[in-house]
Amino acid sequence: MGRVEGKVAFVSGAARGQGRSHALRLAQEGADIIAIDIEGQIDSVPYPMATPDDMAETVRQVEALDRRIIATKADVRDYDAVKAAVDEGVAQLGRLDIVSANAGIFSFGESDKLDEEHWQDMLDVNLTGVWHVAKATIPHLKAAGGGAMILTSSDAGLKGMANIPHYVSAKHGVVGLMRTLALELAPHFIRVNTLNPTTVNTDMIKNAATYALFAPDLPTEEQTLENIQPRFTAMNAMPIPWVEPLDISNALLFLASDEARYVTGVALPVDAGWLLK
(Lines give C-alpha, C1' and ligand atoms only; values in the text may rest on other atoms or scores of the structure.)
Protein backbone atom coordinates (compact mmCIF):
# COMPACT_ATOMS: atom_id res chain seq x y z
CA MET A 1 0.00 0.00 0.00
CA GLY A 2 0.96 3.63 -0.39
CA ARG A 3 2.71 3.41 -3.75
CA VAL A 4 1.49 6.92 -4.66
CA GLU A 5 0.98 8.20 -1.12
CA GLY A 6 0.69 11.98 -0.86
CA LYS A 7 0.37 12.49 -4.59
CA VAL A 8 -2.44 14.06 -6.59
CA ALA A 9 -3.74 12.44 -9.78
CA PHE A 10 -5.89 13.85 -12.57
CA VAL A 11 -8.20 11.40 -14.38
CA SER A 12 -10.35 12.21 -17.40
CA GLY A 13 -13.40 10.09 -18.17
CA ALA A 14 -13.58 9.25 -14.47
CA ALA A 15 -17.34 8.74 -14.11
CA ARG A 16 -17.28 5.01 -14.90
CA GLY A 17 -15.38 2.22 -16.65
CA GLN A 18 -11.62 2.40 -16.82
CA GLY A 19 -11.59 5.99 -15.57
CA ARG A 20 -13.39 5.15 -12.35
CA SER A 21 -11.18 2.10 -11.90
CA HIS A 22 -8.05 4.23 -12.36
CA ALA A 23 -9.25 6.81 -9.84
CA LEU A 24 -10.07 4.14 -7.27
CA ARG A 25 -6.83 2.22 -7.74
CA LEU A 26 -4.76 5.38 -7.32
CA ALA A 27 -6.83 6.40 -4.29
CA GLN A 28 -6.31 2.96 -2.75
CA GLU A 29 -2.57 3.60 -2.97
CA GLY A 30 -2.77 7.03 -1.33
CA ALA A 31 -3.48 9.59 -4.07
CA ASP A 32 -6.06 12.36 -4.02
CA ILE A 33 -8.01 12.74 -7.25
CA ILE A 34 -8.99 15.49 -9.67
CA ALA A 35 -11.70 13.98 -11.90
CA ILE A 36 -13.55 15.13 -14.98
CA ASP A 37 -16.14 13.60 -17.27
CA ILE A 38 -18.51 14.86 -19.93
CA GLU A 39 -21.42 13.36 -17.94
CA GLY A 40 -23.54 13.46 -21.08
CA GLN A 41 -24.12 12.08 -24.55
CA ILE A 42 -22.36 12.65 -27.87
CA ASP A 43 -24.78 12.03 -30.74
CA SER A 44 -22.39 9.93 -32.82
CA VAL A 45 -21.69 7.49 -29.98
CA PRO A 46 -23.96 4.45 -30.33
CA TYR A 47 -24.23 3.54 -26.65
CA PRO A 48 -25.30 5.44 -23.50
CA MET A 49 -22.46 7.49 -22.05
CA ALA A 50 -21.76 8.42 -18.43
CA THR A 51 -24.18 10.45 -16.34
CA PRO A 52 -23.90 12.79 -13.34
CA ASP A 53 -25.05 9.86 -11.19
CA ASP A 54 -22.09 7.84 -12.45
CA MET A 55 -19.69 10.58 -11.40
CA ALA A 56 -21.40 10.87 -8.03
CA GLU A 57 -20.74 7.17 -7.52
CA THR A 58 -17.05 7.63 -8.37
CA VAL A 59 -16.89 10.43 -5.80
CA ARG A 60 -18.61 8.26 -3.21
CA GLN A 61 -16.21 5.37 -3.73
CA VAL A 62 -13.08 7.55 -3.61
CA GLU A 63 -14.27 9.30 -0.46
CA ALA A 64 -15.03 5.91 1.10
CA LEU A 65 -11.30 5.27 0.80
CA ASP A 66 -10.72 8.41 2.89
CA ARG A 67 -9.18 10.27 -0.03
CA ARG A 68 -10.10 13.70 -1.37
CA ILE A 69 -11.62 14.12 -4.81
CA ILE A 70 -12.50 17.23 -6.82
CA ALA A 71 -14.96 16.20 -9.54
CA THR A 72 -16.01 18.50 -12.39
CA LYS A 73 -18.26 18.14 -15.41
CA ALA A 74 -16.00 18.95 -18.35
CA ASP A 75 -15.74 17.86 -21.98
CA VAL A 76 -12.18 17.08 -23.10
CA ARG A 77 -12.99 18.71 -26.46
CA ASP A 78 -13.20 22.04 -24.60
CA TYR A 79 -9.67 23.06 -23.62
CA ASP A 80 -10.78 25.98 -21.47
CA ALA A 81 -13.06 23.68 -19.45
CA VAL A 82 -10.30 21.13 -18.97
CA LYS A 83 -7.80 23.78 -17.92
CA ALA A 84 -10.27 25.33 -15.46
CA ALA A 85 -10.94 21.95 -13.87
CA VAL A 86 -7.23 21.15 -13.60
CA ASP A 87 -6.34 24.56 -12.19
CA GLU A 88 -9.16 24.47 -9.63
CA GLY A 89 -8.26 20.95 -8.57
CA VAL A 90 -4.62 21.89 -8.07
CA ALA A 91 -5.66 25.03 -6.17
CA GLN A 92 -7.67 22.88 -3.76
CA LEU A 93 -5.37 19.86 -3.48
CA GLY A 94 -2.05 21.68 -3.70
CA ARG A 95 -0.16 19.94 -6.49
CA LEU A 96 -0.32 17.55 -9.44
CA ASP A 97 1.87 14.46 -9.88
CA ILE A 98 -0.01 11.96 -12.05
CA VAL A 99 -2.12 12.43 -15.17
CA SER A 100 -4.40 9.78 -16.69
CA ALA A 101 -5.73 10.99 -20.06
CA ASN A 102 -8.32 8.26 -20.23
CA ALA A 103 -11.50 9.75 -21.70
CA GLY A 104 -12.50 8.17 -24.98
CA ILE A 105 -15.38 7.06 -27.17
CA PHE A 106 -16.01 4.24 -29.64
CA SER A 107 -18.01 4.01 -32.84
CA PHE A 108 -17.56 2.26 -36.15
CA GLY A 109 -18.10 2.32 -39.90
CA GLU A 110 -16.34 1.38 -43.11
CA SER A 111 -13.93 4.03 -44.38
CA ASP A 112 -15.93 4.90 -47.49
CA LYS A 113 -19.22 5.02 -45.59
CA LEU A 114 -18.21 6.79 -42.38
CA ASP A 115 -19.78 10.24 -42.13
CA GLU A 116 -17.98 13.45 -41.21
CA GLU A 117 -19.60 13.67 -37.77
CA HIS A 118 -18.37 10.26 -36.65
CA TRP A 119 -14.85 10.95 -37.93
CA GLN A 120 -14.59 14.39 -36.36
CA ASP A 121 -16.11 13.47 -33.00
CA MET A 122 -13.69 10.57 -32.69
CA LEU A 123 -10.61 12.65 -33.46
CA ASP A 124 -11.85 15.50 -31.26
CA VAL A 125 -12.36 13.29 -28.20
CA ASN A 126 -9.79 10.51 -28.57
CA LEU A 127 -6.86 12.54 -29.86
CA THR A 128 -7.42 16.28 -29.44
CA GLY A 129 -8.97 15.62 -26.04
CA VAL A 130 -5.82 13.80 -24.94
CA TRP A 131 -3.70 16.72 -26.13
CA HIS A 132 -5.95 19.13 -24.24
CA VAL A 133 -5.38 17.15 -21.04
CA ALA A 134 -1.63 17.13 -21.61
CA LYS A 135 -1.51 20.85 -22.41
CA ALA A 136 -3.52 21.75 -19.30
CA THR A 137 -1.56 19.57 -16.91
CA ILE A 138 2.04 19.96 -18.06
CA PRO A 139 2.62 23.30 -16.26
CA HIS A 140 1.52 21.74 -12.98
CA LEU A 141 3.71 18.66 -13.44
CA LYS A 142 6.66 20.95 -14.14
CA ALA A 143 5.85 22.95 -11.01
CA ALA A 144 5.89 19.73 -8.99
CA GLY A 145 9.38 18.92 -10.26
CA GLY A 146 8.30 15.94 -12.31
CA GLY A 147 5.60 13.33 -12.56
CA ALA A 148 3.94 10.71 -14.70
CA MET A 149 1.54 11.11 -17.60
CA ILE A 150 -0.29 8.05 -18.87
CA LEU A 151 -2.28 8.32 -22.09
CA THR A 152 -4.89 5.69 -22.89
CA SER A 153 -4.41 4.37 -26.40
CA SER A 154 -5.38 0.85 -27.51
CA ASP A 155 -4.05 -2.20 -29.27
CA ALA A 156 -5.72 -0.44 -32.21
CA GLY A 157 -3.09 2.25 -31.69
CA LEU A 158 -0.42 -0.27 -32.68
CA LYS A 159 -2.21 -2.37 -35.30
CA GLY A 160 -4.83 -1.78 -37.96
CA MET A 161 -8.41 -2.97 -37.56
CA ALA A 162 -11.16 -2.98 -40.15
CA ASN A 163 -14.34 -0.92 -39.80
CA ILE A 164 -12.98 1.54 -37.23
CA PRO A 165 -10.69 3.80 -39.30
CA HIS A 166 -11.34 6.88 -37.17
CA TYR A 167 -10.69 5.00 -33.91
CA VAL A 168 -7.50 3.39 -35.22
CA SER A 169 -6.28 6.75 -36.53
CA ALA A 170 -6.95 8.53 -33.24
CA LYS A 171 -5.34 5.80 -31.13
CA HIS A 172 -2.26 5.69 -33.38
CA GLY A 173 -2.11 9.45 -32.96
CA VAL A 174 -2.10 9.10 -29.18
CA VAL A 175 1.00 6.89 -29.39
CA GLY A 176 2.74 9.48 -31.57
CA LEU A 177 1.77 12.25 -29.18
CA MET A 178 3.11 10.21 -26.27
CA ARG A 179 6.47 9.70 -27.93
CA THR A 180 6.79 13.40 -28.66
CA LEU A 181 5.77 14.42 -25.14
CA ALA A 182 8.20 11.90 -23.65
CA LEU A 183 11.05 13.63 -25.48
CA GLU A 184 9.90 17.15 -24.68
CA LEU A 185 9.27 16.48 -21.00
CA ALA A 186 12.15 14.16 -20.09
CA PRO A 187 14.38 17.10 -19.05
CA HIS A 188 11.69 17.97 -16.50
CA PHE A 189 11.56 14.40 -15.12
CA ILE A 190 8.05 13.98 -16.47
CA ARG A 191 7.56 10.49 -17.85
CA VAL A 192 4.98 9.85 -20.57
CA ASN A 193 3.69 6.42 -21.62
CA THR A 194 0.62 4.87 -23.19
CA LEU A 195 -1.59 2.01 -22.13
CA ASN A 196 -2.64 -0.17 -25.06
CA PRO A 197 -5.39 -2.53 -23.93
CA THR A 198 -7.25 -5.26 -25.73
CA THR A 199 -11.01 -5.38 -25.23
CA VAL A 200 -11.90 -4.25 -21.69
CA ASN A 201 -15.01 -5.29 -19.79
CA THR A 202 -16.85 -1.95 -19.74
CA ASP A 203 -20.03 -0.39 -21.10
CA MET A 204 -18.06 0.63 -24.20
CA ILE A 205 -18.17 -2.98 -25.44
CA LYS A 206 -21.20 -4.35 -23.59
CA ASN A 207 -23.90 -2.80 -25.73
CA ALA A 208 -26.08 -3.71 -28.70
CA ALA A 209 -24.14 -1.60 -31.20
CA THR A 210 -20.85 -3.36 -30.46
CA TYR A 211 -22.52 -6.76 -30.57
CA ALA A 212 -23.81 -5.89 -34.04
CA LEU A 213 -20.30 -4.88 -35.14
CA PHE A 214 -18.87 -8.23 -34.11
CA ALA A 215 -21.75 -10.35 -35.42
CA PRO A 216 -23.23 -8.78 -38.55
CA ASP A 217 -24.01 -12.30 -39.79
CA LEU A 218 -26.41 -13.00 -36.93
CA PRO A 219 -30.04 -11.89 -36.69
CA THR A 220 -30.51 -8.95 -34.33
CA GLU A 221 -32.16 -11.09 -31.67
CA GLU A 222 -29.10 -13.36 -31.61
CA GLN A 223 -26.59 -10.53 -31.25
CA THR A 224 -26.23 -11.18 -27.52
CA LEU A 225 -23.28 -11.11 -25.15
CA GLU A 226 -23.40 -14.89 -24.88
CA ASN A 227 -23.10 -15.29 -28.65
CA ILE A 228 -20.51 -12.54 -29.08
CA GLN A 229 -18.17 -13.65 -26.28
CA PRO A 230 -16.41 -16.35 -28.35
CA ARG A 231 -15.63 -13.73 -31.00
CA PHE A 232 -13.99 -11.51 -28.42
CA THR A 233 -12.02 -14.52 -27.17
CA ALA A 234 -10.78 -15.28 -30.69
CA MET A 235 -9.02 -11.90 -30.81
CA ASN A 236 -6.71 -12.72 -27.90
CA ALA A 237 -3.89 -15.26 -27.70
CA MET A 238 -4.90 -16.18 -24.17
CA PRO A 239 -8.34 -17.84 -24.04
CA ILE A 240 -10.25 -14.94 -22.47
CA PRO A 241 -12.82 -12.60 -24.04
CA TRP A 242 -11.61 -9.42 -22.34
CA VAL A 243 -9.53 -8.02 -19.51
CA GLU A 244 -11.00 -6.22 -16.52
CA PRO A 245 -10.64 -2.47 -15.86
CA LEU A 246 -8.54 -3.34 -12.82
CA ASP A 247 -5.97 -5.03 -15.06
CA ILE A 248 -5.47 -1.73 -16.88
CA SER A 249 -5.49 0.22 -13.62
CA ASN A 250 -2.75 -1.96 -12.16
CA ALA A 251 -0.59 -1.22 -15.20
CA LEU A 252 -1.36 2.48 -14.84
CA LEU A 253 -0.42 2.36 -11.16
CA PHE A 254 2.96 0.85 -12.03
CA LEU A 255 3.63 3.54 -14.64
CA ALA A 256 2.55 6.25 -12.18
CA SER A 257 4.68 4.95 -9.32
CA ASP A 258 8.36 5.35 -8.55
CA GLU A 259 8.80 1.71 -9.56
CA ALA A 260 8.71 3.02 -13.14
CA ARG A 261 10.83 6.09 -12.47
CA TYR A 262 12.92 5.58 -15.62
CA VAL A 263 10.18 4.18 -17.85
CA THR A 264 9.17 6.71 -20.50
CA GLY A 265 8.19 6.64 -24.15
CA VAL A 266 6.72 3.15 -23.86
CA ALA A 267 3.51 1.81 -25.43
CA LEU A 268 2.47 -0.87 -22.93
CA PRO A 269 0.08 -3.54 -24.20
CA VAL A 270 -2.21 -5.12 -21.61
CA ASP A 271 -3.81 -7.39 -24.13
CA ALA A 272 -3.68 -11.13 -23.39
CA GLY A 273 -1.49 -11.49 -26.45
CA TRP A 274 -3.82 -9.73 -28.91
CA LEU A 275 -0.93 -8.09 -30.75
CA LEU A 276 0.73 -11.47 -31.31
CA LYS A 277 -2.06 -12.69 -33.57
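The protein chain goes by Mycofactocin-coupled SDR family oxidoreductase in an unreviewed UniProt entry, where it is assigned to Lacisediminihabitans changchengi. Quoted verbatim from the Sequence similarities (unreviewed entry) heading of the UniProt record, the comment on the protein chain is "Belongs to the short-chain dehydrogenases/reductases (SDR) family."

> Residue-level account of a negative patch on the surface, with values.
Residues D43, D115, E116 and E117 make up a contiguous surface patch of negative charge. Checked against the element boundaries, E117 lands in helix α4 (residues 116-143). A relative accessible area of 40% places E117 in the partly exposed class.

> Before we move on, could you go through the nonpolar core and cite the residues and values that matter?
Judged by nonpolar contacts, the single largest core of 50 residues is most densely connected at F10, L96, I105, M149, L151, L181 and V192. Elements supplying a minimum of two residues to this core: β1 (8-12), β2 (32-37), α3 (79-93), β4 (98-101), α4, β5 (147-152), α5 (165-185) and β6 (190-197). Core analysis: the second largest hydrophobic core is formed by 30 residues, A14, A15, L24 and V200 among them.

> Talk me through the sheet that holds β2; I want residue IDs and the actual numbers.
Spatial ordering of the open sheet is given by β3-β2-β1-β4-β5-β6-β7, a layout of seven strands whose pairing is parallel. On the outer flanks of this sheet lie β3 (69-73) and β7 (267-270), each paired with one strand and no other. Neighbour-to-neighbour, the strand axes of this sheet turn through a mean angle of 15 degrees, independent of strand direction. In the packing of α3 onto the sheet, the strands contacted are β1, β2 and β3, and the crossing angle to β2 comes to about 160 degrees.

> Tell me about the pairing of β3, and name the residues and values.
In terms of strand pairing, β2 meets β3 through five bridges, oriented parallel. Looking across to β3, one finds that I36 is bridged to T72. The handedness of the β2 to β3 crossover, carried by helix α2 (residues 52-64), is right-handed.

> Quick one: what's the story with the environment of V59, residue by residue and with numbers?
Among the secondary structure elements, V59 is positioned in helix α2. Residue V59 is classed as buried on the basis of its relative accessible area of 18%. With 44 residues separating them along the chain, V59 and A15 place their C-alpha atoms 8.5 Å apart. Beyond its immediate stretch of four places on either side in the chain, V59 contacts I69 and A71.

> Outline the packing of aromatic side chains, listing residues and values.
The final tally for this structure, using the stated rule, is four aromatic pairs. Aromatic pair F214 and F232: ring centres 4.5 Å apart, planes at 50 degrees, arrangement tilted. Of this pair, F214 sits in helix α6 (residues 208-214) while F232 sits in helix α7 (residues 225-235), and the two are 18 residues apart along the sequence. Residue class for F232 comes out buried when judged on its relative accessible area of 1%.

> Let's hear about the environment of S249: which residues, and what values?
Residue position: S249 is located in helix α8 (residues 245-256). Accessibility expressed as a relative area gives 1% for S249, which makes it buried. Placed 160 residues apart in sequence, S249 and G89 show a C-alpha to C-alpha distance of 22 Å.

> Let's hear about the side chain of N196: which residues, and what values?
Within the secondary structure, N196 is located in strand β6. Polar side-chain contacts of N196 include one of 2.8 Å to the backbone oxygen of S154. Once you skip the residues sitting within four places of it in the chain, N196 turns out to touch S153, S154, D155, L158, V175, A267, L268, P269, V270 and D271.

> Which residues make up α7, and what values do they have?
Among all positions in α7, only I228, F232 and M235 are buried. The buried side chains of α7 occupy one side of the element, clustering within an arc of 50 degrees when seen end-on. Exposed side chains of α7 directed beyond 90 degrees from the buried face belong to E226, P230 and A234. Summarising the contacts, the buried residues of α7 are in contact with α6.

> Please give an account of helix α1 (residues 17-28) that cites residues and values.
With 12 residues, α1 extends 17 Å from end C-alpha to end C-alpha; this agrees with the ideal 16 Å at 1.5 Å per step. Of all 12 residues in α1, 10 are buried, a share of seventy percent or more. For α1, every residue scored as buried is listed here: Q18, G19, R20, S21, H22, A23, L24, R25, L26 and A27.

> Go over unusual backbone geometry, please, and point to the residues and values.
Phi is positive for D66, close to 65 degrees, though the residue is something other than glycine. Topologically, D66 is positioned in the loop between α2 and β3. Under the relative-accessibility criterion, D66 is labelled exposed at 66%. Positioned with a positive phi, A272 is a non-glycine residue whose angle comes to about 55 degrees. Assignment of secondary structure puts A272 in the segment after β7. A relative accessible area of 11% means that A272 is categorised as buried.

About the thresholds
- Residues numbered from 1 in each chain as written.
- Predicted model: local features only at pLDDT ≥ 70, side-chain atom pairs only at ≥ 80, totals over all residues.
- Heavy atoms only, no water.
- UniProt positions renumbered as here; feature names shortened; annotations may be inferred.
- Patch = residues over 30% accessible without salt bridge, like charges linked within 9 Å, V, L, I, M, F, W, Y side chains within 5 Å.
- Areas by Shrake-Rupley, 256 points an atom, 1.4 Å probe, with all protein chains shown as cover.
- Salt bridge = Lys/Arg side-chain N within 4 Å of Asp/Glu carboxyl O.
- Lys, Arg positive; Asp, Glu negative; His and termini not counted.
- Charge placed at Lys NZ, Arg CZ, Asp CG, Glu CD.
- Helix = DSSP H or I, 4+ residues; strand = E, 2+ residues; numbered from the N terminus.
- Buried < 20%, exposed > 50% of the residue type's maximum accessible area, 1.4 Å probe, protein only.
- Core = buried A, V, L, I, M, F, W, Y, C linked by side-chain atoms within 4.5 Å.
- Pairing = 2+ DSSP bridges.
- Axes fitted to C-alpha atoms, helices over the stretch in contact; angles between N-to-C directions.
- Contact = heavy atoms within 4.5 Å.
- Right-handed = clockwise from strand over helix to strand, strands pointing away.
- Phe/Tyr/Trp six-rings, centres within 6.5 Å; stacked < 30°, edge-to-face > 60°.
- Polar contact = N/O pair within 3.5 Å; in protein donor to acceptor, adjacent residues only side chain to side chain.
- Arc of directions from axis to C-beta.
- Expected span 1.5 Å × (residues − 1).

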